[in-house]
Amino acid sequence: MKPLALSLLSLSVISLSANAWTIRGDDWPESSPEAHGLSTELLEQAGDDVRNVPLRYCLTVIKDGELVYDRNYLGYQNGSFYAYSVTKTLGAVLVGITEHQGYLQLDDKISDWLGEVPSSMNPDATIRHVLGQVSHSDPLGSDFSYNTGARINTLSAVLKEATGMNTLEYAQDQMLIPLNMNYTSWATDSDDNVTIGAGTSSSCRDLARVGQLMMNGGRWNGQQLLSQSYIEDMVQPSYPDANSNYGYLTWLNKSEGPWHRPLTSGTGIMVEGAPRNAWFATGFFGQLIIGIPDENIVITTMGTSLQLETLNTLQNVWDAVAPAVMPE
C-alpha cells in the first residue's frame, strides 16, 4: 500500500467524512484542586489568563489522574475541535501499542513492511527513524526534518501490514475505546487507515487522556496498553544530534543542545520557565498537550491562535498556567 500525502485542506474535509469514527460515553473522575494541593483561585486566574491567549476554546487540568479544572470558553462541554499535529503524538502512542503487542519492532525497516518507501525517505529508514523525523537523512539520524505527509504516514501503512487490520479499526479497538476517548474522530484515507501526520478532532478532556496514559507509563485502568520503556523513550531525545528536543513525535524541553521546529530553531530549553523534563504535543494554531512529570499534571488547551509558530502560543499558555500548577 502506498502512503497517502495529505494537505491541510484535504485533511479538513476527510476529518468530517464517514470514515472518521466517533462515540459518546464516560468522562473523567473529578476532584477539587485543594484535594491535590492546588488552589481553585489560582486555577481560575490561569483560566482567565489562558482565555486572553487569542481564540482559546477550552482548558483542562488533570492532577494525579483526576480532573481538577475544566474551562470551556465557548459555553459547552466536550466540544471537539481539529487537533492538527497533536495527531502525531497520538500516532506515536498507537505505534507503541502495536510494538507492545508484538506485531513489530521499532528497528524494523519501513521497506521490509511496505516493499517501497516514498522518494523522500532513505531506503534503509526504520520505524524509529520515522518516529524521530530523521527518516530522510543520510546518514540516518543526522538531520531533523518535520514532515506531515508521505514519510510520516508510512507508519499507518506499516501498522496495517503488521496487524492485518485497517488502522482505524485497530486504533478504535486498542486505543480510543480503552481510553474512553468519546469525543475523538480520526481522519482516514480511502482504505480506512488513519493519518498520522494530522487528522484528529478531539476535546480537551480526550486529549488529556492521552497525556495521562503517557504520565502513567502506558498503563490505563490496570491494563498496560504500551510499555513503560517505550513511553520513557518517547519523551527523551530520539536523535539528539539532529534535534535535542524531539522524542517520538513529541516535543521536549531538554537543555542539551540545538533544537529545531518547523519555523524556528534554538538551543537549550524550548519553553522558558517550564521544567526540563516537561513534554508537549503541539498542533497548528495552538492545540496543546502539556505533561509535567514532576507534578503528575497534564494540561490541554485547544484553540485557533493565528501564530504560524505554535511555540509562541505554547509559551503564552505556559506563562498563564505556571503560577497555578508549579510549586513556589
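Residues numbered from 1 in each chain as written. Predicted model: local features only at pLDDT ≥ 70, side-chain atom pairs only at ≥ 80, totals over all residues. Heavy atoms only, no water.

(A) Inspection of the overall build of the protein chain at higher detail. Helix and strand counts for the protein chain stand at 10 helices and 13 strands. Expected size for 328 residues packed as a compact globule is a radius of gyration near 20 Å; at 18 Å, the protein chain falls within 12% of this value. Its C-alpha atoms give the protein chain principal-axis dimensions of about 55 × 45 × 40 Å. Taking all 328 residues of the protein chain together, the buried fraction comes to 59%. In the protein chain, 63% of the contacts between residues at least 6 apart in sequence involve partners at least 24 apart. As presented, the protein chain carries roughly 12,400 Å² of accessible surface, and 46% of it is formed by carbon and sulfur atoms. (Helix = DSSP H or I, 4+ residues; strand = E, 2+ residues; numbered from the N terminus. Rg over C-alpha atoms; globule rule 2.2 N^0.38 Å. Buried < 20%, exposed > 50% of the residue type's maximum accessible area, 1.4 Å probe, protein only. Contact = heavy atoms within 4.5 Å. Areas by Shrake-Rupley, 256 points an atom, 1.4 Å probe, with all protein chains shown as cover.)

(B) Representation of the packing of aromatic side chains within the structure. All told, the structure shown has 11 aromatic pairs when counted by the stated rule. Considering the side-chain rings of Tyr57 and Phe81, the 4.5 Å spacing of their centres and the 40° angle between planes classify their relative orientation as tilted. Within this pair, whereas Tyr57 is found in strand 1 (residues 56-63), its partner Phe81 is found in strand 3 (residues 81-82), the two being separated by 24 residues in sequence. Across this residue pair, the class does not change: Tyr57 and Phe81 are buried. Considering the side-chain rings of Phe284 and Phe285, the 3.9 Å spacing of their centres and the 25° angle between planes classify their relative orientation as stacked. Relative accessible area serves as the criterion here: at 25%, Phe284 is assigned to the partly exposed category. Phe285 sits in the buried class, given a relative accessible area of 17%. Positioned above the aromatic ring of Trp251 is the side chain of Arg261, whose terminal nitrogen or guanidinium carbon lies 4.4 Å from the ring centre. (Phe/Tyr/Trp six-rings, centres within 6.5 Å; stacked < 30°, edge-to-face > 60°. Lys NZ or Arg CZ within 6 Å of the ring centre and 35° of its normal.)

(C) The arrangement of empty space enclosed by the protein in detail. Scanning all chains against the criterion turns up two cavities of 30 Å³ or more. Within this model, the second largest cavity holds a volume of roughly 30 Å³. Around the second largest cavity, the lining residues are Ser85, Lys88, Thr89, Tyr146, Tyr246, Leu249, Thr250, Trp251, Phe280, Ala281 and Thr282. Broken down by secondary-structure element, the contributors of at least two residues to the lining of the second largest cavity are helix 3 (86-100) and strand 11 (279-283). A per-element tally of the lining of the second largest cavity places strand 11 first, with three residues. (1 Å grid on protein atoms, 1.4 Å probe; cavity = no way out; pocket = protein on both sides within 12 Å on 5 of 7 lines; lining within 4 Å. Points joined across faces, edges and corners; volume = space filled by probe spheres on them.)

(D) Summary view of the environment of Met302. For Met302, the position within the fold is in strand 13 (residues 297-303). On the accessibility criterion, Met302 (0% relative accessible area) is buried. Along the backbone, Met302 and Tyr103 are 199 residues apart, and their C-alpha atoms lie at a distance of 33 Å.

(E) Focus on helix 8 (residues 204-215). Over its 12 residues, helix 8 extends 16 Å from the first C-alpha to the last, a length consistent with the 16 Å expected when each residue adds 1.5 Å. Taking burial as the measure, the 12 residues of helix 8 include 12 buried ones, the bulk of the element. By the burial criterion, the buried members of helix 8 are Cys204, Arg205, Asp206, Leu207, Ala208, Arg209, Val210, Gly211, Gln212, Leu213, Met214 and Met215. Looking one or two residues past helix 8, Gly217 carries a phi angle of roughly 70°, positive in sign. (Expected span 1.5 Å × (residues − 1).)

(F) Representation of the sheet that holds strand 5 (residues 200-202) in the model. Read across the open sheet, the three strands follow the order 3-5-4; overall the sheet is antiparallel. Looking at strand neighbours, the two that pair on one side only are strand 3 and strand 4 (185-186), the edges of this open sheet. Across two bridges, strand 4 lies against strand 5 in antiparallel orientation. For Ser185, the partnering residue across the bridge sits in strand 5 and is Ser201. (Pairing = 2+ DSSP bridges.)

(G) Layout of the side chain of Arg151. With respect to the secondary-structure elements, Arg151 resides in helix 6 (residues 150-163). No salt bridge is formed by the buried Arg151, whose closest oppositely charged neighbour, Asp143, lies at an N-O distance of 7.6 Å. Those residues within four positions of Arg151 in sequence are excluded, and the remaining contacts are Pro118, Ser120, Met121, Val130, Ser135, His136 and Ser145. (Lys, Arg positive; Asp, Glu negative; His and termini not counted. Salt bridge = Lys/Arg side-chain N within 4 Å of Asp/Glu carboxyl O.)

Geometric values such as these leave the question of function open.
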